[in-house]
Amino acid sequence: MNNSILYEVHNNLYVNLTNRCPCACVFCLRNTTDHVGNSDSLWLDKEPTVEEVKRLFEARDLAKYEEVVFCGFGEPTERLDALLEIAAFVKERYHKPIRLNTNGLGDLVNGKNIAPLLAGKVDTVSISLNTPNEARYMENVRPAFGEGSFAAMLSFAKECVKYVPKVVLSTVATTLTAEEEARCAEIARSVGAFYRIRPFE
Ligand code: SF4
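Rules used throughout
- Residues numbered from 1 in each chain as written.
- Predicted model: local features only at pLDDT ≥ 70, side-chain atom pairs only at ≥ 80, totals over all residues.
- Heavy atoms only, no water.
- Helix = DSSP H or I, 4+ residues; strand = E, 2+ residues; numbered from the N terminus.
- Buried < 20%, exposed > 50% of the residue type's maximum accessible area, 1.4 Å probe, protein only.
- Polar contact = N/O pair within 3.5 Å; in protein donor to acceptor, adjacent residues only side chain to side chain.
- Contact = heavy atoms within 4.5 Å.
- Pairing = 2+ DSSP bridges.
- Axes fitted to C-alpha atoms, helices over the stretch in contact; angles between N-to-C directions.
- Parallel < 35°, antiparallel > 145°, perpendicular 65-115°, else oblique.
- Left-handed = near helix turned anticlockwise from the far one by under 90°.
- Arc of directions from axis to C-beta.
- Core = buried A, V, L, I, M, F, W, Y, C linked by side-chain atoms within 4.5 Å.
- Expected span 1.5 Å × (residues − 1).

J.: So what's going on with the side chain of Asn-3? Residues and values would help.
T.: Checked against the element boundaries, Asn-3 lands in the segment before β1 (6-9). Classification of Asn-3 by relative accessible area gives buried; the value is 12%. Here the side chain of Asn-3 touches Arg-60 through a polar contact of 2.8 Å, side chain to side chain. Apart from the residues lying within four places of it in its own chain, the contact partners of Asn-3 are Asn-38, Ser-39, Asp-40, Leu-42 and Arg-60.

J.: Requested: an account of the pairing of strand β5 (residues 124-128), with residues and values cited.
T.: Extensive coverage of β5 is indicated by the burial of five of its five residues. Where burial is concerned, the two faces of β5 agree: the one with Thr-124, Ser-126 and Ser-128 and the one with Val-125 and Ile-127 are both buried. In this structure, strand β4 (residues 98-102) lies alongside β5, joined through four bridges in parallel fashion. Considered in β5, the bridge of Asn-101 is made with Ser-126. One ladder, built from five bridges, connects β5 with strand β6 (residues 166-172); its direction is parallel. Bridge pairing links Ile-127 to Leu-169 in β6.

J.: Describe the packing of helix α1 (residues 50-58) against helix α2 (residues 80-94), and please don't skip the residues or the numbers.
T.: The packing of two helices is summarised by the inter-axis angle and the distance between the axes. Closest axis-to-axis distance for the α1/α2 pair is 10 Å, and the angle between their directions is 25°. The orientation of α1 with respect to α2, classified from their angle, is roughly parallel. Note that α1 runs across α2; the crossing there is right-handed. Between α1, through Val-50, Glu-51, Val-53, Lys-54, Phe-57 and Glu-58, and α2, the contact on the second element is made entirely by Ala-82, Glu-85, Ile-86, Phe-89, Val-90, Arg-93 and Tyr-94.

J.: Talk me through α1; I want residue IDs and the actual numbers.
T.: Within α1, burial applies to Val-50, Val-53, Lys-54 and Phe-57. For α1, the angular spread of buried residues about the axis comes to 100°, placing them on one side. Tucked into the core, α1 has its buried residues touching β1, β2 (12-15), β3 (68-70) and α2.

J.: Before we move on, can you summarise the side chain of Arg-99 with the specific residues and values?
T.: Mapped onto the elements, Arg-99 comes out in strand β4. Since its relative accessible area comes to 15%, Arg-99 is described here as buried. Filtering out sequence-adjacent residues up to four positions away, Arg-99 remains in contact with Asn-12, Tyr-14, Glu-67, Val-68, Val-69, Phe-70, Thr-124 and Ser-126.

J.: Please give an account of the nonpolar core that cites residues and values.
T.: Within the largest apolar cluster, 53 residues are counted, with the highest numbers of intra-cluster contacts made by Phe-57, Phe-70, Ile-86, Leu-118, Val-125 and Leu-169. Counting residues per element, this core draws most heavily on α2, at nine residues.

J.: Provide a residue-level description of α2, including the pertinent values.
T.: The terminal C-alpha atoms of α2, which comprises 15 residues, lie 21 Å apart, in line with the 21 Å expected from a rise of 1.5 Å per residue. The set of residues buried in α2 consists of Leu-80, Ala-82, Leu-83, Leu-84, Ile-86, Ala-87, Phe-89, Val-90 and Tyr-94. Contacts made by the buried residues of α2 are with α1, β3, β4, α3 (106-110) and α4 (115-118). Once α2 ends, the next one or two residues include His-95, with phi positive near 55°.

J.: How would you summarise unusual backbone geometry if you had to cite specific residues and measurements?
T.: The backbone of Arg-142 sits at a positive phi, close to 50°, despite the residue not being glycine. You can see Arg-142 is positioned in the loop between α5 (134-140) and α6 (149-163). Not every positive phi belongs to a glycine, and Thr-174 is a case in point at roughly 80°. If you trace the backbone, Thr-174 turns up in the loop between β6 and α7 (178-191).

J.: Pulling in residues and values, what's your account of the environment of Val-36?
T.: The residue Val-36 is located in the loop between β2 and α1 in this model. Along the sequence, Val-36 and Glu-201 sit 165 residues apart, while their C-alpha atoms lie 9.7 Å from each other. Sequence-distant contacts of Val-36, defined by excluding residues within four places in its chain, comprise Tyr-7, Val-9, Leu-29, Leu-42 and Phe-73.

Right under this line is the structure:
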C-alpha cells in the first residue's frame, strides 16, 4: 500500500492533501526529511482527487485508528473544498474524530472567513501559533502574505473557538524562551484555546 496520501502516526491516520503552503517555517520538517510516521515520501507527484482519497479510506480498516488528522507536507486549507468533503465523508461513514493541523492562514489563502465551514466536520483545530508576536512570527514562519499574517492567524483562532469543539494553539519545543512560551500560553488563554508545546522533530 502506498502511504504518501494516507499514513499512520501513532494510533492516528493522517491525510496528506497537498504540498502547497504559504509559509517557509525555519523548523519545517520538509527541510530535513521526506517522510513522517509510516509514510513513504510525502512529496506528491500530483495532488489526489477527493475520489482517490475516499477510495484509499475504503481500503483501510478505520476501526484501528483513534483520530483522522489532516496534516502533511503542506497546508491542508490550501485545498479547503477537498478537505471539507473528505472530512464530511469520514465523519458520516466512520464516525471518527477529525483534527485539522493548520498554520492558521486559511482565511488569507481562501480570501474568506473559513471557520464557520469547519462546524460539524472538524472536532479539533490545532493552529501553529509558533511565536508570541508578529516580529518573531515573521522571522520564524516567513509567511508569503507578509505583515498582518500573525493577526490573521489569531483572528482565525478566535473564530474557530465559536465553531469547533476544541482549539489548540501550539509552539515548537526548544524554539522559544520560557518567557516567550508563557506569553504564548497567555495568548491561547485569551482566545479561549488550549496551549500545547509540540516536540521538535
Ligand atoms: S506551515 Fe507547516 S508545512 Fe508550511 S512551512 Fe510551516 S511547518 Fe512547513
